[in-house]
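So you can see what is in the structure, the chains are spelled out below.
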Amino acid sequence: MSSSEVSNNGVIFTKGFDSGLPVINEHFKIAERKINISSTKLEKGEILVKNLYISLDLYVLSRMKSGAVKSYLGLFPIGCVLESGCISVVVKSNNDQWKESDLYSGVSGWEEYTKISPEAAKQALPVKQYLKNSLDNGIPLSYSLGILGMPGMTAYVGLNMIGKPKKGETIFISTAAGGVGQVVGQIAKLKGLKVVGSTGDDNKVNYLINELKFDHAINYKKVDIGQTLKDLCPEGIDIFFDNVGGETLDKVLPILNEDARVISCGMTSQLNTESAYGVKNLTVIIPKSILIQGFIVFRHYDEYHDSFQKEMLQWLKEGKLKYKENIVNGIENAPQAYLDLYNSKGFGKYSVKVSDL
């Protein structure tokens, strides 16, 4: 390796699949590569970034599957570098609005260095100042992939746009210790709601109750979730932030109050199943006037992003929000970390630290 070359190892998508989870070295693998930064040519408007943190998100799986249900973002081409949200720093620029050392947040590759297109660079411009504000306020850069990034905005938009929370109401959150769920619960508490969450691990239950101050948290693996929710919420449930779908949704539907709102954020229980769960209690929707609505957070970026950043940053500065992260060091560990995300071997927001600023 010459003195002007540096490592640019990355995670390559090698083979699609129909069900289950990807297998390391079969469906995705680490590729050892190099890059010469000084001789890398950039077209007008392009920038070259060094990736600092890579977000590991559930939706990436849908872009790897070759089955009938396609991702709204499109499938990854075979041989490409996987990509998701990243926090990066500009190391070379052919764009008048970006200079070296600027912080970048947007879609980037699961690799050490990535060339960013003019379109992506333009889309990321409004976030540049927010990244600097976070850094100036002593907030970890990794938070911009979590509570100040897509998961946090998903929580904020879903709760406010669909949930329309009112003080005194009751909200139930599935996958409540995840990157989205923990934010939903804390915002709901700030708005004066009774907050109940479910998770699949006793340590996570303790975290939700003792650290995040949920009113109740349950381990769904140890209880009948329908009966337990009836006992904990005799007043019924007004908002259900659903990250799971399937049987959990089925058991919650009869407990919902009139005019309840179901925020359909994810259906993780259906991602790796050969037979989709048939929800049986849909008949309650009409007499109770229940709203069930899904959403794609990217479509609401322009409407909510400024208020989201302003409120969340203020709450963080005031110590009103906490955030649990699960950060794995090294791009070479990204494939296994992604599988661990699905196997719930840790909790909080999963990301990979690729390099230091």
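Residues numbered from 1 in each chain as written. Predicted model: local features only at pLDDT ≥ 70, side-chain atom pairs only at ≥ 80, totals over all residues. Heavy atoms only, no water.

Going by what an unreviewed UniProt entry lists, the chain is known as NAD(P)-binding protein and is assigned to Rhizophagus irregularis.

## Digging into the packing of aromatic side chains
Note on aromatic pairs: each is described by the distance of the centres and the angle between the planes. Scanning the entire structure with this criterion turns up 9 aromatic pairs. Note on Tyr338 and Tyr342: the rings are 5.4 Å apart at their centroids and 65° apart in plane angle, and the pair reads as edge-to-face. You can see Tyr338 and its partner Tyr342 sitting in helix α8 (residues 334–343), 4 residues apart, about one turn around the helix. According to the relative accessible area criterion, Tyr338 is buried, its value standing at 1%. (Phe/Tyr/Trp six-rings, centres within 6.5 Å; stacked < 30°, edge-to-face > 60°. Helix = DSSP H or I, 4+ residues; strand = E, 2+ residues; numbered from the N terminus. Buried < 20%, exposed > 50% of the residue type's maximum accessible area, 1.4 Å probe, protein only.)

## Thoughts on helix α4 (residues 202–211)
When we look at burial in α4, the residues that qualify are Lys204, Val205, Tyr207 and Leu208. Angularly, the buried residues of α4 cover 160° about the axis, an arc narrow enough to put them on a single face. Here the buried face of α4 lies against α3 (181–190), β10 (194–199) and β11 (216–219). Sitting at the head of α4, Asp201 places a side-chain oxygen 2.8 Å from the backbone nitrogen of Asn203. At the C-terminal side of α4, Lys213 shows a positive phi close to 65°. (Arc of directions from axis to C-beta. Contact = heavy atoms within 4.5 Å. Polar contact = N/O pair within 3.5 Å; in protein donor to acceptor, adjacent residues only side chain to side chain.)

## Some points on unusual backbone geometry
Residue Ser101 is not a glycine yet carries a positive backbone phi of 85°. Among the secondary structure elements, Ser101 is positioned in the loop between β6 (83–93) and β7 (103–109). The exposure class assigned to Ser101 is exposed, which follows from its relative accessible area of 52%. Positive phi values are uncommon outside glycine, yet Lys213 reaches one of about 65°.

## Side note on the environment of Val180
With respect to the helices and strands, the residue Val180 is situated in the loop between β9 (170–173) and α3. Taking the relative accessible area as the measure of exposure, Val180 reaches 16% and is therefore buried. Considered as a pair, Val180 and Glu26 are 154 residues apart in the sequence and their alpha carbons are 30 Å apart. Setting aside its immediate chain neighbours within four residues, Val180 contacts Pro151, Thr154, Ala155, Phe241, Asn243 and Cys265.

## What to know about α3
Counting buried positions over the 10 residues of α3 gives 8, a clear majority of the element. Here α3 has its buried residues at Gly181, Gln182, Val183, Val184, Gly185, Gln186, Ile187 and Ala188.

## Observations concerning the packing of helix α1 (residues 118–136) against helix α7 (residues 301–317)
Pairs of packed helices are described in terms of their axes, by the angle between the two and the distance that separates them. As a packed pair, α1 and α7 sit with axes 12 Å apart at the nearest point and diverge in direction by 10°. Viewed along their axes, α1 and α7 adopt a mutual orientation that is roughly parallel. Contact residues: α1 offers Pro126, Val127, Tyr130, Asn133 and Ser134, while α7 offers Tyr301, His305, Asp306, Gln309 and Leu313. (Axes fitted to C-alpha atoms, helices over the stretch in contact; angles between N-to-C directions. Parallel < 35°, antiparallel > 145°, perpendicular 65-115°, else oblique.)

## Re the state of the cysteines
Scanning all chains against the criterion turns up 0 disulfides. Lacking any disulfide linkage, Cys86 is separated from the closest cysteine sulfur, that of Cys80, by 13 Å. Classification of Cys86 as buried rests on a relative accessible area of 0%. (Disulfide = S-S within 2.5 Å.)

## Comments concerning the sheet that holds β9
The sheet built from 6 strands is open, its strands ordered β11-β10-β9-β12-β13-β14 with parallel pairing. Either end of the sheet is taken by a strand with one partner, and the two such strands are β11 and β14 (291–294). Neighbour-to-neighbour, the strand axes of the sheet open up by a mean angle of 15°, direction not taken into account. Direction of pairing for strand β13 (residues 256–264) relative to β14: parallel, over a ladder of 4 bridges. Among the inter-strand pairings, Ile263 is bridged to a residue of β14, identified as Gln293. (Pairing = 2+ DSSP bridges.)

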